[in-house]
Amino acid sequence: MVEEIVLENVVKSFGRIRALDGVSLRVEKGEKVAILGPNGAGKTTLVRIISGQTRATSGKVEVMGKNPSTFSRELRRSMGFVSHNPMLYDELTAYENLKFYAKLYDADESRIPELLKKVKLYERRHSRVKTFSRGMKQRLAIARALIHNPEILILDEPTSGLDVEGRLELLNYLKAFEDRTILLTTHNMWEAEKLCERAVILMKGRVVKECSTREAERTYLELCGLEFD
Amino acid sequence: MGVKFLEIAWKDIVVEFRSKSTISLMVLFSLVTSMLFSITVPVAYAQSIGASLLWLIFIFVGMLGYARAFVREVELETLDGLRLAPVHPASILAGKMVYNLVLMLLTEAVVLPVFIGVFNMSIARPLLFLGIITLGNAAFVTAMSSLAILVIKSRSKELLLPVIAFPVIFPVVSSTVFALNMAVSGKVQGIEGPVKMIVSFAVIILAIAFLTSEYVFTD
């Protein structure tokens, strides 16, 4: 199997604070991995390094054989990123937002209506994003991340702000991407299990355990010293 | 770079004209400052220092407005969207510069006739005057756009930008004032010197900004 994401001994410091302290991780092509951990564990920092938004202080980071912090059009085109921040322009309509990103990614604009229908925003395609609810913005953000059909999907708490129905719809939609590599950060064990096979538990900037997503909840609670009666 | 920088500039122009958050501020500030100068500066001095005052207005307005292109992306949390895209950071910077140039030209179009009318300025070489002020503004936009990316993460960005900008923009400020006064008076012999300085400054700043853009855009 081809290793698509390789991290070796990655350290990220912000001044005196070590957000990541020697993280090593390998993700194979087509694998779906959940990154779990409490707030401040370093999950978002980790995915920002993988996506190239943040530079590691030290260590090896490779995505598809390239360092993501060095600009590469090919690498950027193969990644889609969804976070709790939708990265949308409030004064543009839903359609305009997707059209803008399609142009940046050299993506096929004819996919926009289909994507809007999938995220159930087709009826509101000509409405400005500032009129959207949090959940609607998040759904549009997912369409934005998928406009260029990326091979690797990085999801940083993607269901943040969605109701139960919205979460389920999104997860079902993402499950359709069988052949994509998915990296998901979440607090929600149920989501992790639904979407991913493998879980990596991060605590205080270190990988403390790798296991299957089925075992992740019990393992995580044990590591936190918690019990659920 | 392709045409992606134009897509970014166009997006900013559309957003700006729907929100009118920056252009209205820039134009109003320019007009208010013009009125203030007209009240505080004796008419007798208007002809001799009018060009300098006009250029001061554009500098103040620029300090206020040109960083907004990046600040707004940070406030809306959309800068990450641009960073993730397969668009070279130099293209993002170029797009912001084009957008700021549009704002600058619109501000000029409103403020210039008002200022000249209020001060009753007589300009010996009006086309040359217009050309110099546009060139000076374009160089200023280049510098401010390049420096704005350095301060956007700071809490006191509006205060920090003028502080770091002033030593950088000094050559273009002094050269533009010098050339403008020559155009007002009509004594244009030697005007090539300051014009070359303005152009050289813009080219150097542009080159440095583009070469360092990739580093500056990554945390």
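Up top you'll find the structure we're talking about.
For the structure given in this document, a descriptive report is provided here. Being a predicted model, the structure only gives us computed values, none of them experimental. Every chain is numbered independently, its residues counted from 1 as its sequence is written. Naming scheme: in the order in which they are written, chains are lettered from A and ligands are numbered from 1. Given that this is a predicted model, residues contribute local features only at a pLDDT of at least 70 and side-chain atom pairs are listed and counted only at 80 or more, while totals for whole chains, interfaces and linings are drawn from all residues. Just so you know, side-chain values use all the structure's heavy atoms and leave hydrogens and water out.

## Looking at the overall build of chain A
By the criteria applied, helices consist of DSSP H or I runs no shorter than four residues and strands consist of E runs no shorter than two, each listed in order from the N terminus. Along the backbone of chain A there are 8 helices and 9 strands. Expected size for 229 residues packed as a compact globule is a radius of gyration near 17 Å; at 18 Å, chain A falls within 12% of this value. Expressed along its principal axes, the backbone C-alpha trace of chain A runs to roughly 50 × 45 × 35 Å. Taking all 229 residues of chain A together, 55% fall into the buried category. For chain A, restricting intrachain contacts to residue pairs at least 6 apart in sequence, the fraction spanning at least 24 positions comes to 65%. As presented, chain A carries roughly 10,300 Å² of accessible surface, and 47% of it is formed by carbon and sulfur atoms. Distance from the positive charge centre (38 side chains) to the negative charge centre (33 side chains) of chain A: 6 Å. The quantity called the radius of gyration is restricted to C-alpha atoms. Its globule counterpart is 2.2 Å times the number of residues to the power 0.38. Note on classification: 1.4 Å probe, protein chains only; a residue is buried when its accessible area is under 20% of the maximum for its type, exposed when over 50%, partly exposed between these limits. Pairs of residues are marked as contacts when any of their non-hydrogen atoms sit within 4.5 Å. Only the protein chains shown count as cover for residues, and all accessible areas are computed by the Shrake-Rupley method using a 1.4 Å probe. When charges are tallied, Lys and Arg are placed among the positive residues and Asp and Glu among the negative ones, while His and the ends of the chain are skipped. Charge coordinates come from a single atom per side chain, which is NZ of Lys, CZ of Arg, CG of Asp or CD of Glu.

## Structural notes on the pattern of salt bridges
Salt bridges are identified by distance alone: a Lys or Arg side-chain nitrogen within 4 Å of an Asp or Glu carboxyl oxygen. One pass over the structure, following the stated rule, counts 26 salt bridges over all chains. E8 of chain A is paired through a salt bridge with R26 of chain A; the nearest N and O atoms lie 2.4 Å apart. A residue pair is termed long-range when its members are at least 10 positions apart, and E8 of chain A in strand 1 (residues 3-14) and R26 of chain A in strand 2 (residues 17-28) qualify at 18 residues. According to the relative accessible area criterion, E8 of chain A is partly exposed, its value standing at 28%. Given a relative accessible area of 37%, R26 of chain A falls into the partly exposed group. Between R72 of chain B and E16 of chain B there is a salt bridge whose closest N-O contact spans 2.9 Å.

## Quick word on the interface of chain A and chain B
Facing 30 residues of chain A, the contacting portion of chain B comprises 27 residues. Between chain A and chain B the total buried area reaches about 2,700 Å² when both faces are included, carbon and sulfur atoms providing 58% of it. Here chain A and chain B share 4 salt bridges between them. A salt bridge links D106 of chain A to K4 of chain B; the shortest N-O distance between them is 2.9 Å. What qualifies as a polar contact is a pair of N or O atoms within 3.5 Å, subject to a donor-acceptor requirement within protein and to the restriction that residues adjacent in sequence count only when both atoms come from side chains. Here chain A is connected to chain B by 12 residue pairs in polar contact (both at pLDDT 80 or more). Elements with a minimum of two residues in the side of chain A that touches chain B: helix 1 (43-51), helix 2 (73-77) and helix 3 (94-104) of chain A. Among the elements that line the side of chain A that touches chain B, the one with the most residues is helix 3 of chain A, at 5 residues. Class assignment for the residues of the side of chain A that touches chain B results in 10 nonpolar, 8 polar and 12 charged. Accessible area, probed at 1.4 Å, shrinks when two parts are joined; the buried area is that loss added up over both. Any residue that is not Ala, Val, Leu, Ile, Met, Phe, Trp, Tyr, Cys, Pro, Asp, Glu, Lys or Arg is counted as polar, Gly included; the first ten are nonpolar and the last four charged.

## Brief notes about the nonpolar core
Each nonpolar core is a collection of buried residues, namely Ala, Val, Leu, Ile, Met, Phe, Trp, Tyr and Cys, held together in the definition by side-chain atoms within 4.5 Å. Counting residues in each nonpolar core, the largest one holds 144 residues, and the members touching the most others are L7, L46, L104, L140 and L183 of chain A together with F129 of chain B. The leading source of residues in this core is helix 7 (residues 126-151) of chain B, at 12 residues.

## Observations concerning the packing of helix 4 (residues 68-75) of chain B against helix 6 (residues 89-119) of chain B
Residue and element names in this part refer to chain B. Relative to each other, helix 4 and helix 6 sit at 120 degrees, their axes nearing to 9 Å. When the axis of helix 4 is compared with that of helix 6, the two are oblique. Packed against helix 4, whose contacting residues are A69, F70, R72 and E73, the element helix 6 presents L93, K96, Y99 and N100 at the interface. Taken together, the residues that form the contact of helix 4 with helix 6 break down as 4 nonpolar, 1 polar and 3 charged. Fitting a line to C-alpha atoms yields each axis, with helices limited to the stretch in contact; the angle taken between N-to-C directions then spans 0 to 180 degrees. To sort the angles, those under 35 degrees are grouped as roughly parallel, those over 145 as roughly antiparallel, those from 65 to 115 as roughly perpendicular, and the leftovers as oblique.

## Some words on the packing of aromatic side chains
Working definition: a ring pair exists when centres of Phe, Tyr or Trp rings (six-membered ring for Trp) sit within 6.5 Å. Plane angles under 30 degrees give stacked, over 60 give edge-to-face, the rest tilted. In total, this model carries 6 aromatic pairs over all chains according to the counting rule given. With a centroid separation of 5.6 Å and an interplanar angle of 85 degrees, the aromatic rings of Y89 of chain A and F100 of chain A are classed as edge-to-face. You can see Y89 of chain A sitting in the loop between strand 5 (79-82) and helix 3 and its partner F100 of chain A sitting in helix 3, a full 11 residues away along the chain. Comparing Y89 of chain A with F100 of chain A, the two get one shared label, buried. Plain terms: the ring middles of F115 of chain B and F119 of chain B are 4.5 Å apart, the flat faces sit at 25 degrees to each other, and that makes the pair stacked. Here F115 of chain B and its partner F119 of chain B are both found in helix 6, 4 residues apart, which amounts to about one turn of the helix. The two residues F115 of chain B and F119 of chain B agree in class, both being buried. Grouped by ring-pair contacts, the aromatic residues Y89, F100 and Y101 of chain A constitute a single cluster.

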